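# Per-entry structural report
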Amino acid sequence: MVWRIWAFIVMTESNVVQLKKKSKISFGILTALVKDELVSCESLLQGYGWIEIKDIHDDLRRANVRQWKKAINGTDYHLSTMAFGEMGQSFSSVETLCFLQRCDPLIVFLTGIAGSLKRDKVFLRDVVVSLDVHWRGQNRISGAGDCDEYRVRNYTLPTYTPDLRRSIQGFAESVSGDVDRSVYGDFNINASSIFSWDYVIDSARVVDRINKDFPNAACVEMEGGGFQYAIDAYRRLYARTYLKGFIVRGISDYADGKVKVTNDRVAASRNASLVTVMMLDWILKKIDKSSNRSEVVQFLSRW
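Here we summarise the structure given alongside this text. Everything numeric in this text was worked out from a predicted model, so none of it was measured. By convention here, each chain's residues receive numbers from 1 onward along its written sequence. Only residues with pLDDT of at least 70 are given local features in this predicted model, and only at 80 or more are side-chain atom pairs given and counted; all residues enter the totals for whole chains, interfaces and linings. Only hydrogens and water are set aside when side-chain values are computed; all heavy atoms of the structure are taken into account.

A few words on the overall build of the chain. Segments assigned H or I by DSSP are reported as helices when at least four residues long, segments assigned E as strands when at least two residues long, and all are numbered from the N terminus. Of the regular secondary structure elements, the chain holds 10 helices and 10 strands. Relative accessible area decides the class of each residue, using a 1.4 Å probe on protein chains only: under 20% of the type maximum gives buried, over 50% gives exposed, and in between gives partly exposed. Expressed as a percentage of the 303 residues in the chain, the buried residues total 53%. Nonlocal contacts in the chain, meaning residues at least 24 apart in sequence, comprise 76% of its contacts between residues at least 6 apart. Only the protein chains shown count as covering a residue, and every accessible area follows the Shrake-Rupley method with a 1.4 Å probe. When the accessible surface of the chain is summed, it comes to about 14,700 Å², and 49% of that surface belongs to carbon and sulfur atoms. Contacts were defined at the residue level, with two residues in contact if any of their heavy atoms lie within 4.5 Å.

So, in C-alpha coordinates, the structure goes:
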(Lines give C-alpha, C1' and ligand atoms only; values in the text may rest on other atoms or scores of the structure.)
Protein backbone atom coordinates (compact mmCIF):
# COMPACT_ATOMS: atom_id res chain seq x y z
CA MET A 1 0.00 0.00 0.00
CA VAL A 2 1.08 3.58 -0.67
CA TRP A 3 1.07 4.54 3.00
CA ARG A 4 3.41 1.67 3.91
CA ILE A 5 6.00 2.89 1.42
CA TRP A 6 5.83 6.47 2.61
CA ALA A 7 5.79 5.39 6.25
CA PHE A 8 9.00 3.41 5.66
CA ILE A 9 10.65 6.40 3.99
CA VAL A 10 9.63 8.74 6.80
CA MET A 11 10.80 6.37 9.53
CA THR A 12 14.15 5.47 7.98
CA GLU A 13 15.41 8.86 6.86
CA SER A 14 18.87 9.23 8.38
CA ASN A 15 18.66 11.61 11.27
CA VAL A 16 15.93 13.88 10.04
CA VAL A 17 16.35 17.22 11.80
CA GLN A 18 15.33 16.46 15.36
CA LEU A 19 12.29 18.58 15.93
CA LYS A 20 11.28 16.56 18.98
CA LYS A 21 12.17 17.68 22.44
CA LYS A 22 12.05 14.62 24.66
CA SER A 23 11.57 16.66 27.80
CA LYS A 24 8.42 18.38 26.57
CA ILE A 25 4.92 17.45 27.66
CA SER A 26 3.42 17.69 24.20
CA PHE A 27 0.11 17.01 22.50
CA GLY A 28 -1.23 17.16 18.96
CA ILE A 29 -4.45 17.97 17.13
CA LEU A 30 -5.01 16.85 13.54
CA THR A 31 -8.01 17.94 11.50
CA ALA A 32 -9.42 16.05 8.55
CA LEU A 33 -10.30 17.04 5.00
CA VAL A 34 -10.10 20.83 4.99
CA LYS A 35 -8.64 23.65 7.02
CA ASP A 36 -12.09 24.90 8.06
CA GLU A 37 -11.97 22.54 11.03
CA LEU A 38 -8.48 23.70 11.95
CA VAL A 39 -9.41 27.38 11.89
CA SER A 40 -12.24 26.92 14.41
CA CYS A 41 -10.05 24.66 16.54
CA GLU A 42 -7.15 27.11 16.69
CA SER A 43 -9.50 29.98 17.52
CA LEU A 44 -10.85 27.97 20.45
CA LEU A 45 -7.34 27.14 21.63
CA GLN A 46 -6.63 30.82 22.10
CA GLY A 47 -9.78 31.11 24.21
CA TYR A 48 -8.47 28.32 26.43
CA GLY A 49 -5.18 30.10 27.06
CA TRP A 50 -2.94 28.54 24.41
CA ILE A 51 -0.41 30.97 22.92
CA GLU A 52 0.96 30.40 19.44
CA ILE A 53 4.73 30.00 19.13
CA LYS A 54 5.81 32.11 16.16
CA ASP A 55 9.47 31.07 16.04
CA ILE A 56 9.29 27.43 14.89
CA HIS A 57 11.57 25.27 12.76
CA ASP A 58 11.32 25.75 8.97
CA ASP A 59 10.57 22.05 8.50
CA LEU A 60 7.46 22.42 10.64
CA ARG A 61 6.42 25.55 8.80
CA ARG A 62 6.77 23.81 5.43
CA ALA A 63 4.58 20.98 6.73
CA ASN A 64 1.90 23.52 7.79
CA VAL A 65 2.37 22.60 11.44
CA ARG A 66 1.65 25.31 13.98
CA GLN A 67 2.80 25.13 17.59
CA TRP A 68 1.36 26.43 20.83
CA LYS A 69 2.25 26.61 24.52
CA LYS A 70 0.42 26.95 27.80
CA ALA A 71 1.63 27.13 31.41
CA ILE A 72 -0.38 25.68 34.29
CA ASN A 73 0.89 25.85 37.87
CA GLY A 74 4.46 26.29 36.69
CA THR A 75 4.40 23.43 34.17
CA ASP A 76 4.77 24.18 30.45
CA TYR A 77 2.63 22.25 27.97
CA HIS A 78 3.16 22.21 24.21
CA LEU A 79 0.73 21.54 21.37
CA SER A 80 1.14 21.04 17.61
CA THR A 81 -1.73 21.41 15.12
CA MET A 82 -2.00 20.39 11.46
CA ALA A 83 -4.68 19.74 8.81
CA PHE A 84 -4.67 16.69 6.54
CA GLY A 85 -4.34 17.60 2.88
CA GLU A 86 -6.52 14.81 1.46
CA MET A 87 -9.35 12.46 2.38
CA GLY A 88 -9.00 8.73 2.99
CA GLN A 89 -7.24 6.12 5.10
CA SER A 90 -3.95 5.99 3.17
CA PHE A 91 -3.43 9.73 3.31
CA SER A 92 -4.33 9.91 6.98
CA SER A 93 -1.88 7.10 7.82
CA VAL A 94 0.99 8.84 6.05
CA GLU A 95 0.23 12.26 7.49
CA THR A 96 -0.28 10.89 11.00
CA LEU A 97 3.05 9.05 10.91
CA CYS A 98 4.83 12.16 9.63
CA PHE A 99 3.20 14.24 12.36
CA LEU A 100 4.24 11.78 15.06
CA GLN A 101 7.81 11.80 13.75
CA ARG A 102 8.01 15.59 13.68
CA CYS A 103 6.24 16.44 16.92
CA ASP A 104 6.42 13.36 19.20
CA PRO A 105 3.16 14.02 21.10
CA LEU A 106 2.02 12.00 24.09
CA ILE A 107 -1.60 12.27 22.98
CA VAL A 108 -2.96 13.20 19.55
CA PHE A 109 -6.53 14.07 18.57
CA LEU A 110 -8.24 13.76 15.20
CA THR A 111 -11.21 16.08 14.79
CA GLY A 112 -13.58 16.92 11.95
CA ILE A 113 -17.00 16.05 10.57
CA ALA A 114 -18.88 12.79 9.96
CA GLY A 115 -22.19 11.39 8.76
CA SER A 116 -24.67 9.92 11.23
CA LEU A 117 -25.48 6.21 10.94
CA LYS A 118 -28.34 6.52 13.45
CA ARG A 119 -30.80 9.12 12.18
CA ASP A 120 -33.09 8.52 15.17
CA LYS A 121 -30.33 8.79 17.80
CA VAL A 122 -27.35 10.78 16.53
CA PHE A 123 -28.51 14.11 15.15
CA LEU A 124 -27.14 16.95 13.08
CA ARG A 125 -24.53 19.00 14.96
CA ASP A 126 -24.10 16.31 17.64
CA VAL A 127 -20.58 15.23 18.58
CA VAL A 128 -19.23 11.67 18.80
CA VAL A 129 -16.16 10.89 20.91
CA SER A 130 -14.82 7.56 19.69
CA LEU A 131 -14.41 4.54 21.94
CA ASP A 132 -13.02 2.55 19.01
CA VAL A 133 -12.95 2.57 15.22
CA HIS A 134 -14.11 -0.18 12.86
CA TRP A 135 -12.93 -0.28 9.27
CA ARG A 136 -12.43 -2.69 6.40
CA GLY A 137 -9.55 -3.56 4.15
CA GLN A 138 -9.98 -5.34 0.80
CA ASN A 139 -7.09 -7.53 -0.31
CA ARG A 140 -8.61 -9.60 -3.11
CA ILE A 141 -11.02 -9.04 -5.98
CA SER A 142 -12.67 -11.79 -8.04
CA GLY A 143 -15.92 -12.68 -9.79
CA ALA A 144 -16.82 -13.76 -13.32
CA GLY A 145 -20.25 -12.14 -13.29
CA ASP A 146 -21.39 -8.55 -13.63
CA CYS A 147 -20.37 -7.67 -10.08
CA ASP A 148 -16.92 -7.81 -8.52
CA GLU A 149 -16.46 -9.80 -5.33
CA TYR A 150 -14.11 -8.52 -2.64
CA ARG A 151 -12.42 -10.40 0.15
CA VAL A 152 -12.87 -8.19 3.18
CA ARG A 153 -10.82 -7.99 6.38
CA ASN A 154 -12.25 -6.16 9.38
CA TYR A 155 -10.15 -4.08 11.78
CA THR A 156 -10.90 -2.50 15.15
CA LEU A 157 -8.63 -0.09 17.02
CA PRO A 158 -7.61 1.10 19.53
CA THR A 159 -7.79 -1.29 22.46
CA TYR A 160 -8.40 1.20 25.25
CA THR A 161 -8.27 -0.15 28.79
CA PRO A 162 -11.64 -0.53 30.56
CA ASP A 163 -10.66 2.37 32.82
CA LEU A 164 -9.96 4.65 29.87
CA ARG A 165 -13.22 3.70 28.15
CA ARG A 166 -15.12 4.53 31.34
CA SER A 167 -13.23 7.82 31.60
CA ILE A 168 -14.17 8.79 28.03
CA GLN A 169 -17.81 7.92 28.68
CA GLY A 170 -17.72 9.94 31.90
CA PHE A 171 -16.20 12.90 30.06
CA ALA A 172 -18.91 12.79 27.39
CA GLU A 173 -21.65 12.72 30.02
CA SER A 174 -20.22 15.47 32.21
CA VAL A 175 -18.88 17.96 29.68
CA SER A 176 -22.30 18.79 28.24
CA GLY A 177 -23.00 20.93 31.29
CA ASP A 178 -19.90 23.03 30.58
CA VAL A 179 -20.96 24.03 27.06
CA ASP A 180 -22.20 27.61 26.69
CA ARG A 181 -25.55 26.88 25.03
CA SER A 182 -26.18 30.56 24.33
CA VAL A 183 -23.20 30.43 21.96
CA TYR A 184 -23.19 26.85 20.67
CA GLY A 185 -26.85 25.89 20.85
CA ASP A 186 -28.15 22.45 21.78
CA PHE A 187 -26.21 19.36 20.75
CA ASN A 188 -25.50 15.98 22.29
CA ILE A 189 -22.10 14.49 23.07
CA ASN A 190 -21.93 10.74 22.57
CA ALA A 191 -19.16 8.29 23.47
CA SER A 192 -19.48 5.52 20.91
CA SER A 193 -17.84 3.44 18.19
CA ILE A 194 -17.40 4.88 14.72
CA PHE A 195 -17.06 3.32 11.28
CA SER A 196 -14.29 4.49 8.97
CA TRP A 197 -14.27 3.96 5.20
CA ASP A 198 -12.71 5.27 2.03
CA TYR A 199 -16.00 6.44 0.55
CA VAL A 200 -18.45 9.29 1.06
CA ILE A 201 -21.65 7.39 1.83
CA ASP A 202 -25.00 8.57 0.52
CA SER A 203 -27.05 5.38 0.55
CA ALA A 204 -29.70 3.96 2.89
CA ARG A 205 -28.83 0.46 1.65
CA VAL A 206 -25.15 0.84 2.57
CA VAL A 207 -26.03 2.37 5.97
CA ASP A 208 -28.34 -0.56 6.72
CA ARG A 209 -25.50 -2.97 5.97
CA ILE A 210 -23.03 -1.08 8.16
CA ASN A 211 -25.53 -0.96 11.02
CA LYS A 212 -26.08 -4.69 10.68
CA ASP A 213 -22.35 -5.48 10.75
CA PHE A 214 -21.35 -2.79 13.29
CA PRO A 215 -24.43 -2.00 15.39
CA ASN A 216 -22.49 0.11 17.92
CA ALA A 217 -21.12 2.54 15.31
CA ALA A 218 -22.72 5.99 15.63
CA CYS A 219 -21.23 7.68 12.57
CA VAL A 220 -19.09 7.17 9.49
CA GLU A 221 -15.99 9.10 8.39
CA MET A 222 -12.94 8.57 6.19
CA GLU A 223 -9.71 9.01 8.16
CA GLY A 224 -10.08 7.41 11.59
CA GLY A 225 -8.95 3.91 10.60
CA GLY A 226 -5.71 5.13 9.03
CA PHE A 227 -5.14 7.48 11.96
CA GLN A 228 -5.48 4.77 14.60
CA TYR A 229 -3.52 2.23 12.54
CA ALA A 230 -0.62 4.67 12.22
CA ILE A 231 -0.67 5.33 15.98
CA ASP A 232 -0.74 1.60 16.71
CA ALA A 233 2.22 1.02 14.35
CA TYR A 234 4.18 3.89 15.88
CA ARG A 235 3.51 2.56 19.41
CA ARG A 236 4.88 -0.85 18.43
CA LEU A 237 7.85 0.29 16.33
CA TYR A 238 9.11 2.92 18.77
CA ALA A 239 7.95 1.38 22.07
CA ARG A 240 5.63 4.34 22.72
CA THR A 241 3.20 2.28 24.81
CA TYR A 242 1.86 5.45 26.41
CA LEU A 243 0.82 7.08 23.11
CA LYS A 244 -2.93 7.66 22.87
CA GLY A 245 -5.10 8.72 19.95
CA PHE A 246 -8.62 10.12 20.30
CA ILE A 247 -11.17 10.89 17.57
CA VAL A 248 -13.85 13.56 17.93
CA ARG A 249 -16.39 14.03 15.12
CA GLY A 250 -19.24 16.48 14.57
CA ILE A 251 -22.31 15.29 12.66
CA SER A 252 -22.72 17.35 9.49
CA ASP A 253 -25.26 15.14 7.66
CA TYR A 254 -27.02 11.77 7.58
CA ALA A 255 -25.19 9.04 5.66
CA ASP A 256 -28.43 7.41 4.44
CA GLY A 257 -29.40 10.51 2.44
CA LYS A 258 -27.19 13.55 2.33
CA VAL A 259 -28.65 17.05 2.19
CA LYS A 260 -25.70 19.39 2.37
CA VAL A 261 -26.39 22.46 4.48
CA THR A 262 -23.43 24.76 5.01
CA ASN A 263 -24.62 25.95 8.41
CA ASP A 264 -24.83 22.36 9.68
CA ARG A 265 -21.32 21.60 8.46
CA VAL A 266 -19.86 24.73 10.04
CA ALA A 267 -21.69 24.08 13.33
CA ALA A 268 -20.67 20.40 13.36
CA SER A 269 -17.04 21.33 12.77
CA ARG A 270 -17.13 24.00 15.45
CA ASN A 271 -18.81 21.69 17.98
CA ALA A 272 -16.26 18.93 17.35
CA SER A 273 -13.43 21.44 17.77
CA LEU A 274 -14.96 22.69 21.02
CA VAL A 275 -15.25 19.18 22.48
CA THR A 276 -11.69 18.38 21.35
CA VAL A 277 -10.27 21.43 23.12
CA MET A 278 -12.40 20.70 26.20
CA MET A 279 -11.17 17.10 26.22
CA LEU A 280 -7.57 18.30 26.04
CA ASP A 281 -8.29 20.63 28.97
CA TRP A 282 -9.87 17.71 30.86
CA ILE A 283 -6.72 15.63 30.32
CA LEU A 284 -4.47 18.49 31.46
CA LYS A 285 -6.40 18.58 34.73
CA LYS A 286 -5.84 14.84 35.17
CA ILE A 287 -2.08 15.20 34.77
CA ASP A 288 -1.79 18.55 36.58
CA LYS A 289 0.19 17.07 39.47
CA SER A 290 2.77 15.61 37.05
CA SER A 291 5.66 18.02 36.76
CA ASN A 292 7.58 16.42 33.90
CA ARG A 293 7.19 14.25 30.82
CA SER A 294 8.35 11.09 32.58
CA GLU A 295 5.57 11.33 35.17
CA VAL A 296 2.95 11.97 32.47
CA VAL A 297 4.23 8.98 30.49
CA GLN A 298 3.83 6.77 33.56
CA PHE A 299 0.24 7.95 34.04
CA LEU A 300 -0.67 7.43 30.37
CA SER A 301 0.93 3.99 30.33
CA ARG A 302 -1.45 2.90 33.09
CA TRP A 303 -4.55 4.70 31.76
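After presenting the structure, the write-up continues.
Turning our eyes to something else, we now look at the side chain of Glu42. Relative to the helices and strands, Glu42 resides in helix H2 (residues 35-47). For the purposes of these results, a polar contact is taken to be a pair of N or O atoms within 3.5 Å, where, inside protein, one atom must be able to donate a hydrogen and its partner to accept one; residues adjacent in sequence count only when each atom of the pair is a side-chain atom. In terms of polar contacts, Glu42 uses its side chain to reach the side chain of Thr81, at 2.8 Å. Setting aside residues up to four positions removed in sequence, Glu42 forms contacts with Arg66, Trp68 and Thr81.

Remark: nonpolar core denotes a set of buried residues (Ala, Val, Leu, Ile, Met, Phe, Trp, Tyr, Cys) joined through side-chain atoms within 4.5 Å. Phe27, Phe246 and Met279 are the most contacted members of the largest nonpolar core, which has 76 residues in total. With 10 residues, the top contributor of residues to this core is helix H9 (residues 262-286). Among residues more than four places away in sequence, those in contact with Phe246 are Ile107, Val108, Phe109, Leu110, Tyr160, Leu164, Ile168, Phe227, Gln228, Met279, Ile283 and Trp303. Of all hydrophobic cores here, the second largest spans 11 residues; its members include Phe195, Trp197, Phe214 and Ala255.

So, on to the pairing of strand S9 (residues 217-221). Where burial is concerned, most of S9 is hidden: five out of the five residues are buried. Here, any two strands with at least 2 DSSP bridges between them count as paired. Two elements, strand S5 (residues 107-116) and S9, share two bridges in a ladder whose sense is antiparallel. Within S9, the position partnered with Gly115 by the bridge is Val220. Here three bridges tie strand S8 (residues 189-196) to S9, and the two strands are oriented parallel to one another. Each bridged residue has a counterpart across the sheet, and for Ser193 the counterpart in S9 is Ala217.

Turning to helix H5 (residues 162-175), a few remarks are in order. By definition here, a helix of n residues has an expected span of 1.5 Å times n minus one. If you check H5, its first and last C-alpha atoms are 20 Å apart, about what 14 residues at 1.5 Å a residue would give, namely 20 Å. For H5, the set of buried residues is Leu164, Ser167, Ile168, Phe171, Ala172 and Val175. Down the axis of H5, the sector holding all buried residues measures 135 degrees, keeping them to one side. Turned more than 90 degrees away from the buried face of H5 sit Pro162, Arg166 and Glu173, all of them exposed. Here, the arc refers to the directions that run from the helix axis to the C-beta atoms.

As a further point, take the pattern of salt bridges. The working definition used for a salt bridge is a side-chain nitrogen of Lys or Arg within 4 Å of a carboxyl oxygen of Asp or Glu. This model, assessed by the stated rule, comprises 16 salt bridges. Between Asp213 and Arg136 there is a salt bridge, with the nearest N and O atoms lying 2.3 Å from each other. Taken as a pair, Asp213 in helix H7 (residues 204-213) and Arg136 in strand S6 (residues 127-142) lie far apart in primary sequence, 77 residues in all. Residue classification places Asp213 among the partly exposed residues on the basis of a relative accessible area of 29%. A cluster of three or more residues bridged by salt bridges with shared partners is formed by Glu42, Glu52, Lys54 and Arg66.

Here Ala32 lies in the loop between strand S1 (25-31) and H2. Exposure remark for Ala32: the relative accessible area of 1% places this residue in the buried category. Along the sequence, Ala32 and Gly88 sit 56 residues apart, while their C-alpha atoms lie 9.2 Å from each other. Each residue touching Ala32, except ones within four places of it in the same chain, is listed here: Glu37, Phe84, Leu110, Thr111, Glu223 and Arg249.

In this analysis an axis means a line fitted to C-alpha atoms, helices contributing only their contacting stretch, and an angle means the value between N-to-C directions, from 0 to 180 degrees. Relative to each other, helix H4 (residues 89-103) and helix H8 (residues 224-238) sit at 40 degrees, their axes nearing to 7 Å. On the basis of their axis angle, the class for H4 and H8 is oblique. Crossing of H4 over H8 shows right-handed handedness. Residue-level contacts link Gln89, Ser92, Ser93, Thr96, Leu97, Leu100 and Gln101 of H4 to Gly224, Gly225, Gly226, Phe227, Ala230, Ile231, Tyr234 and Tyr238 of H8. Note on angle classes: values under 35 degrees are labelled roughly parallel, values over 145 roughly antiparallel, values of 65 to 115 roughly perpendicular, and the remainder oblique. Should the near helix be turned counterclockwise from the far one by less than a right angle, the crossing is left-handed, whereas a clockwise turn marks it as right-handed.

Here is the rule: rings of Phe, Tyr and Trp (six-membered ring for Trp) pair when centre to centre is within 6.5 Å. Planes less than 30 degrees apart are stacked, more than 60 are edge-to-face, and the remainder are tilted. In the structure shown here, the tally under the stated rule is 14 aromatic pairs. A centroid spacing of 5.7 Å and a plane angle of 35 degrees characterise the contact between Phe109 and Phe246, whose relative ring orientation is tilted. With a gap of 137 residues between them, Phe109 in strand S5 and Phe246 in strand S10 (residues 244-254) connect regions that are remote in the sequence. Side by side, Phe109 and Phe246 carry an identical accessibility label, which is buried. Note on Trp197 and Tyr199: the rings are 5.0 Å apart at their centroids and 85 degrees apart in plane angle, and the pair reads as edge-to-face. In this structure an aromatic cluster arises from ring pairing among Phe109, Tyr160, Phe171, Phe246, Trp282, Phe299 and Trp303. Taking the ring centre of Tyr254 as reference, the NZ or CZ of Arg119 above it sits at 4.2 Å. A cation sits over an aromatic face here: Arg181 above Phe187, 5.0 Å from the ring centre. By the criterion adopted, a ring carries a charge over it if an Arg CZ or a Lys NZ lies within 6 Å of its centre and within 35 degrees of its normal.

Everything listed is a geometric property; what it means functionally is a separate question.
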